[in-house]
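Spelled out from the first residue to the last, the chains are:
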Amino acid sequence: MREQFPHAPLPWIDLSTGINPWPYKASNLDPALLARLPLCEDDDACRSAMAAAWGVARSALLVAPGSELLIRLLPFVVSARRVAILSPTYGDHAHAWRRAGAEIVETDDPLRHANRVDAVVVCNPNNPDGRTFTASELHAAHKTLRHRGGWLIIDEAYADLDPGLSLAASGGDDGLIILRSFGKFFGLPGLRLGAFMAPPAVRCAMAEMLGVWPVSGAALQIGTSAYRDLAWHETTRGRLAQARASLDAQLTAAGLSVIGGTSLFAYVRVSDATLVWECLAQGGIYARRFQGSETRLRIGLPRGRDAEARLAAALTLLS
């Protein structure tokens with residue numbers, strides 16, 4: 001971006017991601033964790049904290065190094081020849097299944113295909129448009145798939161924003177697989193931490209794929225602390241909702257139509273996505289555009305007044 005827009009003001013502000021710009025502050029990290037391999041006790045503590053936060057049995061959980069790796073490994077632990085995937089959504093889901101040789105049905109209503117595919121994949125809430133599915137909708141699709149020997153796969157990378165959307169309480173049930181990500185809500189994507197919920201046989205197969213020490217001791221300790229800090233969760237949800245409302249007001253005032261998103265990003269409709277993206281880039285703001293769409297952009301939360309002012313200045317270039 002700096003090479004393409006050499007005259008943009010510095011530093012660049014990256015609003016292309018759906019990451020909390022106010023990350024969880026990890027304190028009192030034990031330096032001994034970096035001098036030894038992770039212990040079973042470290043993994044158990046993190047799993048227990050996750051289970052308590054999500055209302056799921058600890059035995060249904062597998063701690064993993066982020067959900068991205070889980071997405072790529074999933075086709076090797078679950079057999080599915082025909083997979084319905086929500087569209088638009090996070091692109092690596094379709095990529096992983098297609099690479100494994102599955103027939104992909106990309107659709108805006110994947111639950112409707114539960115009676116004629118081997119697996120249905122949804123993100124809830126969805127990235128990039130923030131679309132959500134109710135628990136009753138998901139349970140109905142899961143029932144249909146389970147009776148046919150199929151799978152409902154739910155990517156809950158953004159579910160910490162709205163725990164009421166999660167099916168984690170059903171984690172471990174036959175025919176249901178849930179992926180969770182730590183980095184988005186807690187603002188620490190570089191930590192590489194996530195979770196996998198599935199029936200015992202599938203969970204064991206995934207554990208075998210991940211190996212003996214898939215998550216670092218430091219990540220396990222920070223994750224344990226973060227998932228136990230329920231007061232931080234509630235405070236952060238309020239802070240993010242307020243920041244999102246402020247972002248919407250800025251975008252709307254500049255003539256952009258906010259049509260979706262989550263508490264971490266706005267999904268906007270514009271007449272010329274490339275033009276708007278370039279105007280923002282000239283102001284040192286990096287937003288997310290999408291291949292094949294000239295009317296949609298995703299814009300993350302600016303952190304603090306200075307970043308908000310920079311965004312406001314860049315938006316004036318649209319007029």
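Heads up: these notes are all about the structure in this document. (Residues numbered from 1 in each chain as written. Predicted model: local features only at pLDDT ≥ 70, side-chain atom pairs only at ≥ 80, totals over all residues. Heavy atoms only, no water.)

### Concerning the pattern of salt bridges
Two side chains with opposite charge may pair up if their charged atoms get near one another. Our working definition: In what follows, salt bridge is the name for a side-chain nitrogen of Lys or Arg lying within 4 Å of a carboxyl oxygen of Asp or Glu. Helix numbers and strand numbers start at the N terminus; a helix is a DSSP run of H or I with at least 4 residues, a strand a run of E with at least 2. When accessible area is computed with a 1.4 Å probe and restricted to protein chains, residues below 20% of their type maximum are described as buried, those above 50% as exposed, and intermediate ones as partly exposed.
All told, the structure shown has twelve salt bridges when counted by the stated rule. Arg-47 serves as the salt-bridge partner of Asp-43, at 3.1 Å between the closest nitrogen and oxygen. Of this pair, Asp-43 and Arg-47 both sit in helix H1 (residues 40-54), four residues apart, roughly one helical turn. Between Asp-109 and Arg-112 there is a salt bridge; the shortest N-O distance is 3.3 Å. Given the relative accessible area of 46%, Arg-112 is considered partly exposed.

### Remarks on the layout of surface pockets
Operational definition: Both site types are read off a 1 Å grid over the protein atoms alone. A 1.4 Å probe that fits but cannot get out defines a cavity, while an open set with protein on both sides within 12 Å along at least five of seven lines defines a pocket; lining residues have an atom within 4 Å of a point. Grid points are joined across faces, edges and corners, and a volume is the space filled by probe spheres set on the points. Under the grouping applied here, Gly and all other residues not named as nonpolar or charged are polar, the nonpolar ones being Ala, Val, Leu, Ile, Met, Phe, Trp, Tyr, Cys and Pro and the charged ones Asp, Glu, Lys and Arg.
When its volume is computed, the largest pocket comes out at roughly 430 Å³. What lines the largest pocket is a set of 26 residues, and nearest its centre among them are Ile-19, Tyr-90, Asn-127, Tyr-158 and Lys-184. Among the elements that make up the lining of the largest pocket, the one with the highest residue count is helix H2 (residues 67-73) (three residues). Tallied by class, residues from the lining of the largest pocket come to twelve nonpolar, eight polar and six charged. Its boundaries defined by the atoms lining it, the second largest pocket holds a volume of some 350 Å³. Contributions of two or more residues to the lining of the second largest pocket are made by strand S12 (288-289) and strand S13 (296-300).

### Here we look at H1
Our working definition: Multiplying 1.5 Å by the residue count of a helix minus one yields the expected span of that helix. By definition, residues are in contact when any of their heavy atoms lie within 4.5 Å.
Compared with the 21 Å implied by 1.5 Å per residue over 15 residues, the 21 Å span of H1 between its first and last C-alpha is a close match. Within H1, burial applies to Asp-42, Cys-46, Arg-47, Ala-49, Met-50, Ala-51 and Trp-54. Packing partners of the buried residues in H1 comprise strand S2 (61-64), strand S7 (176-181), strand S8 (194-197) and helix H7 (217-228).

### So, the sheet that holds strand S9 (residues 257-262)
Let me state the cut-off plainly: Here, any two strands with at least 2 DSSP bridges between them count as paired. Where helices are involved, their axes are fitted lines through C-alpha atoms of the stretch in contact, as for all axes, and angles between N-to-C directions lie from 0 to 180°.
In space, the four strands of this open sheet follow the order S9-S10-S13-S12, with antiparallel pairing throughout. If you trace the sheet from one side to the other, it starts and ends with S9 and S12, each paired once. Set on the sheet, helix H8 (residues 230-253) makes contact with S9, strand S10 (265-269) and S13; between it and S9 the angle comes to about 160 degrees.

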